Amino acid sequence: MQGRLLVLSGPGGVGKSTIVNELKKYPEFFFSVSATTRAPRNGEIDGEAYHFVSESEFERMIKDGEFLEWANFAGHKYGTPTTPVEVALSSGKHVLLEIEIEGARQIRSARPEALLIFLKPPSFEELEERIRGRRTDSEERIQARLELAREEMAAASEFDHVVVNHRVEEVVAALVSLATRQA
Ligand code: 5GP
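We now turn to the structure provided with this report.

**Looking at the pairing of strand β5 (residues 67-73)**
Note that β5 and strand β6 (residues 76-81) share six bridges and pair antiparallel. Of the residues in β6, the one forming a bridge with F73 is H76. Counted between consecutive antiparallel strands, the loop separating β5 from β6 contains two residues, among which A74 sits at a positive phi close to 50 degrees.

If you want it as structure tokens, here you go:
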């Protein structure tokens, strides 16, 4: 039986990566590793966090039709390689794509059967607190992130499900239930 394709999007700072890390305890899920042109951050391992590729390699992958979707985000390119997703779905695993909104829209049209989930903060104030929690950012950078988050929040209605990130365990349970329930 084919697994289910799930997309998890939401504003920067909402806590998507915490959710994904928790879901890694569930063997029925497969986590796509994206390609990106951005530089690795501290502790990020090539092939695990991302496939870190050059601009020209990314362009080649686009040209050769290797992406299920790809988008520009904050000055860098990010894309989902198609093959590992196809292989995992055929083996019956549920595939989770943690991607930004433009990519989610592409999945919506390329794979109408995909389940699009939007992760929302309990309130914009809480999201702002989280974004401000990164003490290294300048006020200008914080304002830019808040503005982007406002734009991202406006896309929530395009998704099949909106899940509010009150508690990590609740969100994980909701995602597991959405993935495994009958279509
Ligand atoms: P970061 O650079 O902080 O890891 O990720 C920035 C944004 O890119 C996040 O919103 C993340 O969900 C998104 N992203 C990561 N991989 C992909 C991808 O393959 N495709 C798209 N469209 N967005 C991605």
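**Topic: the pattern of salt bridges**
Where side chains of opposite charge bring their charged atoms close, a pairing between them can arise. Following the criterion strictly, the structure yields 17 salt bridges and no others. The partner of R132 in a salt bridge is E128, and the shortest N-O contact between them spans 3.0 Å. Of this pair, R132 and E128 both sit in helix α5 (residues 124-132), four residues apart, which is roughly one turn of the helix. With a shortest N-O distance of 2.5 Å, E169 and R167 are connected by a salt bridge. With a relative accessible area of 47%, E169 lands in the partly exposed category. Residues joined by salt bridges that share partners form a network here, namely E57, R60, D64 and E66.

**Observations concerning the sheet that holds β6**
One open sheet holds the four strands; their spatial order is β4-β3-β6-β5, and the pairing between them is mixed. On the outer flanks of this sheet lie β4 (51-52) and β5, each paired with one strand and no other.

**Focus: the sheet that holds strand β8 (residues 115-120)**
Reading across from one edge, β2-β7-β1-β8-β9 is the order of the five strands in this open sheet, with parallel pairing throughout. Of all strands in the sheet, those bounded by a partner on one side alone are β2 (29-31) and β9 (161-164). For this sheet the average axis-to-axis angle between neighbouring strands, irrespective of direction, equals 30 degrees. In the sheet, strand β1 (residues 5-9) pairs with β8 via four bridges, with the strands oriented parallel. Among the inter-strand pairings, S9 is bridged to a residue of β8, identified as F118. Contacts between helix α4 (residues 101-110) and the sheet are confined to β1, β7 (94-98) and β8, with β1 contributing the most and set at about 155 degrees to the helix.

**As for the packing of helix α1 (residues 16-23) against helix α7 (residues 168-180)**
The relative placement of two packed helices is expressed as an angle between their axes plus a distance between the axes. Running from N to C, α1 and α7 cross one another at 65 degrees; their axes reach a closest spacing of 10 Å. The crossing of α1 and α7 is right-handed. Mapping the contact onto sequence places T18, I19, E22 and L23 in α1 and V168, V171, V172, L175 and V176 in α7. When its residues are assigned to classes, the contact of α1 with α7 shows seven nonpolar, one polar and one charged.

Reading the values: rules and limits
- As a convention, each chain's residues are numbered from 1 in the sequence order in which they are written.
- Only residues with pLDDT of at least 70 are given local features in this predicted model, and only at 80 or more are side-chain atom pairs given and counted; all residues enter the totals for whole chains, interfaces and linings.
- Excluded from the side-chain calculations are hydrogens and water; all other atoms, namely the structure's heavy atoms, are used.
- The pairing criterion for strands is at least two bridges between them, as found by DSSP.
- Helix and strand labels come from DSSP, where a helix needs a run of H or I of at least four residues and a strand needs a run of E of at least two; each type is numbered from the N terminus.
- Only one rule defines a salt bridge in this text: a Lys or Arg side-chain nitrogen within 4 Å of an Asp or Glu carboxyl oxygen.
- Burial here depends on accessible area, computed with a 1.4 Å probe over protein chains only, as a share of the maximum for the residue type. Under 20% is buried, over 50% is exposed, and the range in between is partly exposed.
- Each axis is a line fitted through C-alpha atoms, and for a helix only the stretch in contact is used; angles between axes span 0 to 180 degrees, taken between their N-to-C directions.
- Throughout, a residue-residue contact means that at least one pair of heavy atoms, one from each residue, lies within 4.5 Å.
- Take the far helix as the reference: if the near one is turned anticlockwise from it by less than a right angle, the crossing is left-handed, and if turned clockwise, right-handed.
- Asp, Glu, Lys and Arg are counted as charged, while Ala, Val, Leu, Ile, Met, Phe, Trp, Tyr, Cys and Pro are counted as nonpolar; the rest, among them Gly, fall into the polar class.

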